[in-house]
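Structural description and commentary
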Amino acid sequence: MLCVCAAALLGIAGWTRVRSPYETQQGWVQHQPVPFSHKHHVADAGIDCRYCHSSVETSAHAGLPATHVCMTCHSQLWAGAEVLAPVRDSLATGRPLVWHRVAQVPDYVYFNHSIHVARGVACVECHGRIDTMPLIQQAKPFQMQFCIDCHQDPAPHLRPPDKVTQMAPLSWSAAEQRRYGERVMAAHRIDPKKLVNCEMCHR
Amino acid sequence: MKARLILLLLLGGCDQNMVQQPRYDEYERSPLSANGSSMIAPPDGVVAQDAVARAAQAQRPAMTPALLARGRERYGIYCAMCHGVDGRGDGIVPARGFPRPPSYMEPRLVAAPTAHFYDVITHGYGVMYAYADRVSPQDRWAIAAYIRALQKAGGADAR
């Protein structure tokens with residue numbers, strides 16, 4: 001009896017542990033060479049995500065901005081700021097800034113940004129309210145369950161293409177949202193049964 | 001002994017880390033290259049395989065509503081924060097201290113050929129950096145077309 005209880009407890013503890021933020025790194029902030037604030041650039045300056053992550057519509061990767069992109073503004077704004085010294089060094093030496101990844105899927109997952117954006121999965125669906133994060137953190141657990149939840153029922157997660165980078169929620173009711181999502185799914189023949197096939201994400 | 005050896009070999013296989021596989025992904029660090037990145041710029045003088053297709057893309061497309069719509073969207077992403085939503089040069093970035101860009105309604109820019117805007121996006125102008133790495137040739141024409149629309153809307157007598 002004691003043995004069964006202990007095994008059950010261990011099982012529950014293990015289950016909780018693998019889904020805990022300790023394991024998934026949800027809500028974690030990584031150390032960065034420059035304390036870049038997405039809140040400042042997105043919410044205060046109103047810069048579209050694609051200004052810096054310019055390959056998100058055409059490639060598997062959203063793209064990290066080259067130092068040249070940072071310097072487009074910072075050659076003039078805060079041009080002598082101590083906090084931006086690593087950016088200026090990077091431009092001068094040609095060595096890229098070493099950013100530490102916050103959102104990452106395992107190497108056996110072949111995630112493609114371009115198709116998600118093209119079909120209307122908003123940035124905020126996976127990355128959370130970037131416009132409220134002075135230091136960026138991983139908003140969602142990024143475990144398989146998180147991906148599968150959406151692949152089984154994409155309709156509530158689809159938006160018109162011109163609203164993909166909008167951080168604020170749409171003013172739609174749940175019913176309107178579902179109606180729109182189902183129309184997109186019909187137009188692009190998106191079948192949730194196929195979306196959960198292994199080879200959709202793994203090769 | 002033999003069985004133990006086999007077990008040891010089998011366990012050796014367990015060490016393979018599937019999450020971080022021994023391959024270079026985009027943006028990963030690499031000790032092999034001078035800039036420390038797995039992404040290496042091609043040497044000078046390299047011609048891309050799709051150079052001909054790209055050159056064809058740089059041709060000015062016909063003016064269509066679709067081109068204008070694309071231009072409007074791209075303008076919103078890459079230009080509006082400096083040049084302003086209406087093209088008068090009062091975007092949020094100049095409001096923070098960046099040198100103010102000229103208004104598109106200036107006679108000099110109204111008289112300029114459309115290719116001038118394409119060139120400025122490609123190569124930059126004054127304190128404006130080049131956008132060739134961010135805006136594709138087709139999108140540059142689309143933005144140039146939208147600037148013409150802004151000039152019309154702003155009351156300038158654009159061609």
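The coordinates are above.
Please read all numbers here as calculations on a predicted model, not as lab measurements.

A few points about the interface of chain A and chain B
Contacts between the two partners involve 31 residues from chain A and, on the opposite side, 30 residues from chain B. Interface of chain A and chain B: buried area, both sides summed, is about 2700 Å²; carbon and sulfur atoms make up 55% of it. Inspection of the region where chain A meets chain B yields 3 salt bridges. One salt bridge connects Asp107 of chain A with Arg23 of chain B, and the closest N-O pair in it is separated by 3.7 Å. Counting across the chain A and chain B interface gives 14 residue pairs in polar contact (both at pLDDT 80 or more). Of all the secondary structure elements, the ones that give two or more residues to the side of chain A that touches chain B are helix 3 (38-44), helix 4 (49-52) and helix 5 (67-74) of chain A. Taken together, the residues of the side of chain A that touches chain B sort by class into 14 nonpolar, 11 polar and 6 charged.

What to know about helix 10 (residues 174-187) of chain A
All names here are of chain A. With 14 residues, helix 10 ought to run about 20 Å at 1.5 Å a step, and its terminal C-alpha atoms sit 20 Å apart, in line with that. Listed in full, the buried residues belonging to helix 10 are Gln177, Tyr180, Gly181, Val184 and Met185. Seen end-on, helix 10 carries its buried residues on one side only, within an arc spanning 140°. Among the exposed residues of helix 10, those pointing more than 90 degrees away from its buried face are Arg179, Arg183, Ala186 and Ala187. In this structure, the buried residues of helix 10 make contact with helix 7 (113-119) and helix 11 (192-195).

Notes on the pattern of salt bridges
Per the stated rule, a full pass over the model turns up 17 salt bridges over all chains. Between Glu57 of chain A and Arg50 of chain A there is a salt bridge; the shortest N-O distance is 3.0 Å. On the accessibility criterion, Glu57 of chain A (25% relative accessible area) is partly exposed. Its relative accessible area of 7% is what places Arg50 of chain A among the buried residues. Where salt bridges share partners, they join Asp48, Arg50 and Glu57 of chain A together with Arg70, Glu73, Arg74 and Asp139 of chain B into one cluster.

A closer look at the state of the cysteines
Two cysteines joined by a covalent bond between their sulfur atoms form a disulfide. Residues and elements named next belong to chain A. Following the criterion strictly, the structure yields 0 disulfides over all chains and no others. Here Cys3 is not cross-linked by a disulfide; its sulfur's nearest cysteine counterpart is in Cys5, at 9.8 Å. According to the relative accessible area criterion, Cys3 is exposed, its value standing at 66%.

Quick notes on helix 6 (residues 85-93) of chain A
Buried within helix 6 of chain A we find Ala85, Val87 and Ser90 of chain A. Residues of helix 6 of chain A that are buried sit in contact with helix 5 of chain A.

About the cut-offs
Residues numbered from 1 in each chain as written. Chains lettered and ligands numbered in written order. Predicted model: local features only at pLDDT ≥ 70, side-chain atom pairs only at ≥ 80, totals over all residues. Heavy atoms only, no water. Contact = heavy atoms within 4.5 Å. Buried area = accessible area lost by both parts, 1.4 Å probe. Salt bridge = Lys/Arg side-chain N within 4 Å of Asp/Glu carboxyl O. Polar contact = N/O pair within 3.5 Å; in protein donor to acceptor, adjacent residues only side chain to side chain. Helix = DSSP H or I, 4+ residues; strand = E, 2+ residues; numbered from the N terminus. Nonpolar A, V, L, I, M, F, W, Y, C, P; charged D, E, K, R; others polar. Expected span 1.5 Å × (residues − 1). Buried < 20%, exposed > 50% of the residue type's maximum accessible area, 1.4 Å probe, protein only. Arc of directions from axis to C-beta. Disulfide = S-S within 2.5 Å.

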